[in-house]
Amino acid sequence: MKSVIITGAGSGLGKELALLFAGQGFHIILTGRTLEKLQSVEQEIHEAGGSAQSYTVDITQTKDISKLMTQLQNHELYGLINNAGVGHFGPVNSLSAHDIQEMFETNTLGTIYMTQAVLPLLKEKNEGLLMNIISTAGLKGKVNESVYVASKFAVRGFTESLQKELENTNIKVKAVYMGGMDTPFWDENDHIKDKSMLRSPKAVAAMILDHIEEDSIVIESKK
Ligand SMILES: NC(=O)c1ccc[n+]([C@@H]2O[C@H](COP(=O)([O-])OP(=O)(O)OC[C@H]3O[C@@H](n4cnc5c(N)ncnc54)[C@H](OP(=O)(O)O)[C@@H]3O)[C@@H](O)[C@H]2O)c1
């Protein structure tokens, strides 16, 4: 059974993508920092007749990633969905060094470390899927989102470059740019006042699968 790793799979979009990819017959490797959230998604997948397993991985820690890759040695690895991300919002001077580092270490470096770990295995088979969940923040600057946007522009540059680096292979590299979603992402800040105006992560996950053949998937915010 082909396996797909999803980072940040315990909530929001990662969870919904996990449920959908499991429904397509993939074994889902659910990763994130909080085991309970992953195990709850794992249970939902099992109840729906799918296959999944949970692994605690902090993508900012290369030792966690190395340990995961050792644990997955017997898997037929097909895909990686770099979905985990964090956001801190406000005027640029309101952001602490910790906020800035956390966004770059998670959104940008975590995505790069995970890709470096998985890509050699996809290359061995000359087949696979690398999907980077970016944001419309990877396409244009936004008020009170300067560093978040910077971290996502970096992922866009990384993704577009990998598309070129791998264009003569059967490894598909996808960039996904979506607008706001109603997820726990907004729980720790007051940047979005009314989450009910946002798309559900379930709807966005379904739209991603509908457009899976496109290299660059853009899902604008609901108007
Ligand atoms: N919500 C939006 O409006 C929106 C819009 C556009 C793009 N996005 C992007 O969509 C992606 C998914 O976000 P979401 O909205 O679904 O938010 P979410 O529910 O908060 O999901 C993010 C997940 O990332 C995990 N995570 C955070 N830091 C991590 C780390 N260092 N290592 C491993 N996992 C980590 C979190 O779990 P743990 O804390 O348990 O690790 C969480 O489950 C993010 O990349 C985000 O930037 C979101």
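Everything numeric here is computed off the predicted structure, so don't read it as measured data. (Residues numbered from 1 in each chain as written. Predicted model: local features only at pLDDT ≥ 70, side-chain atom pairs only at ≥ 80, totals over all residues. Heavy atoms only, no water.)

Chemist: Hey, could you run me through the overall build of the chain in this one?
Modeler: A tally of regular secondary structure across the chain gives six helices and seven strands. Listed by position from the N terminus, the elements making up the chain come as β-α-β-α-β-α-β-α-β-α-β-α-β. Scaling as 2.2 N^0.38, a compact globule of 223 residues should have a C-alpha radius of gyration of about 17 Å, and the chain matches this with 16 Å. Put simply, 67% of the contacts in the chain that link residues at least 6 apart link residues at least 24 apart. For the chain, the exposed area adds up to about 10900 Å²; of that, 49% sits on carbon and sulfur atoms. Computed over 21 positive and 27 negative side-chain charges, the separation of the two mean positions in the chain equals 3 Å. (Helix = DSSP H or I, 4+ residues; strand = E, 2+ residues; numbered from the N terminus. Rg over C-alpha atoms; globule rule 2.2 N^0.38 Å. Contact = heavy atoms within 4.5 Å. Areas by Shrake-Rupley, 256 points an atom, 1.4 Å probe, with all protein chains shown as cover. Lys, Arg positive; Asp, Glu negative; His and termini not counted. Charge placed at Lys NZ, Arg CZ, Asp CG, Glu CD.)

Chemist: I would appreciate a short explanation of the site of the ligand in the present structure.
Modeler: Contacts to the ligand come from 30 residues, most closely from Ser11, Thr34, Tyr148, Met181 and Thr183. With respect to the ligand, the side chain of Lys37 contributes an N or O atom lying 3.2 Å from an oxygen atom. Note that an oxygen atom of the ligand is positioned 2.9 Å from one of the side-chain N or O atoms of Trp186. Burial of the ligand by the surrounding chains reaches 94%, relative to a free accessible area of 870 Å². Mapped onto the shell around the ligand, the elements with two or more residues apiece are α1 (12-23) and α5 (146-165). Of the residues contributing to the shell around the ligand, the split by class is 13 nonpolar, 13 polar and four charged. (Near = heavy atom within 4 Å. Polar contact = N/O pair within 3.5 Å; in protein donor to acceptor, adjacent residues only side chain to side chain. Nonpolar A, V, L, I, M, F, W, Y, C, P; charged D, E, K, R; others polar.)

Chemist: Please explain the nonpolar core as it appears in this structure.
Modeler: Side chains of nonpolar character tend, in soluble globular proteins, to be buried together. Phe21, Ile28 and Ile208 are the most contacted members of the largest nonpolar core, which totals 29 residues. When residues of this core are assigned to their parent elements, the largest contribution, five residues, is made by α1. For Ile28, the contacting residues outside a window of four places in its chain are Val4, Ile6, Ala18, Phe21, Ala22, Ile45, Ser51, Ala52 and Gln53. Membership of the second largest hydrophobic core comes to 21 residues, among which are Ile59, Met69, Ala84 and Leu130. (Core = buried A, V, L, I, M, F, W, Y, C linked by side-chain atoms within 4.5 Å. Buried < 20%, exposed > 50% of the residue type's maximum accessible area, 1.4 Å probe, protein only.)

Chemist: Explain the pattern of salt bridges to me, please; I cannot follow it from the model alone.
Modeler: Side-chain pairs of opposite charge can arise where the charged atoms are in close proximity. Enumeration according to the criterion identifies eight salt bridges in this entry. Lys63 is the partner of Asp64 in a salt bridge, and the nearest nitrogen-oxygen pair spans 3.8 Å. Lys63 gets classed as exposed once you look at its relative accessible area, which sits at 57%. Notably, a salt bridge pairs Lys195 with Asp187, separated by 3.2 Å at the nearest N-O pair. Connected through shared salt-bridge partners, Asp182, Asp187 and Lys195 make up one network. (Salt bridge = Lys/Arg side-chain N within 4 Å of Asp/Glu carboxyl O.)

Chemist: Looking at this model, I keep getting lost on unusual backbone geometry. Mind explaining?
Modeler: Note on backbone geometry: most residues besides glycine have negative phi, and most peptide bonds are trans. One non-glycine residue, Asn126, adopts positive backbone phi at about 50°. Unlike most non-glycine residues, Asn144 shows phi in positive territory, near 65°. For Asn144, the position within the fold is in the loop between β5 (128-133) and α5.

Chemist: Sorry, what's going on with the sheet that holds strand β6 (residues 171-178) here?
Modeler: Across a sheet, strands are paired by hydrogen bonds formed along the backbone, either parallel or antiparallel in direction. Spatial strand order, β3-β2-β1-β4-β5-β6-β7: seven strands in an open sheet with parallel pairing. Each end of this open sheet is capped by a strand with a single partner; those strands are β3 (51-56) and β7 (216-219). The average angle at which neighbouring strand axes cross in this sheet is 20°, direction not considered. Pairing between strand β4 (residues 76-82) and β5: four bridges, direction parallel. In the strand pairing of β5, Leu80 is matched with Leu130. Lying over the sheet, helix α4 (residues 97-125) contacts β1 (2-7), β4, β5 and β6, oriented at roughly 155° with respect to β4. (Pairing = 2+ DSSP bridges. Axes fitted to C-alpha atoms, helices over the stretch in contact; angles between N-to-C directions.)

Coordinates in, geometry out; function isn't part of it.
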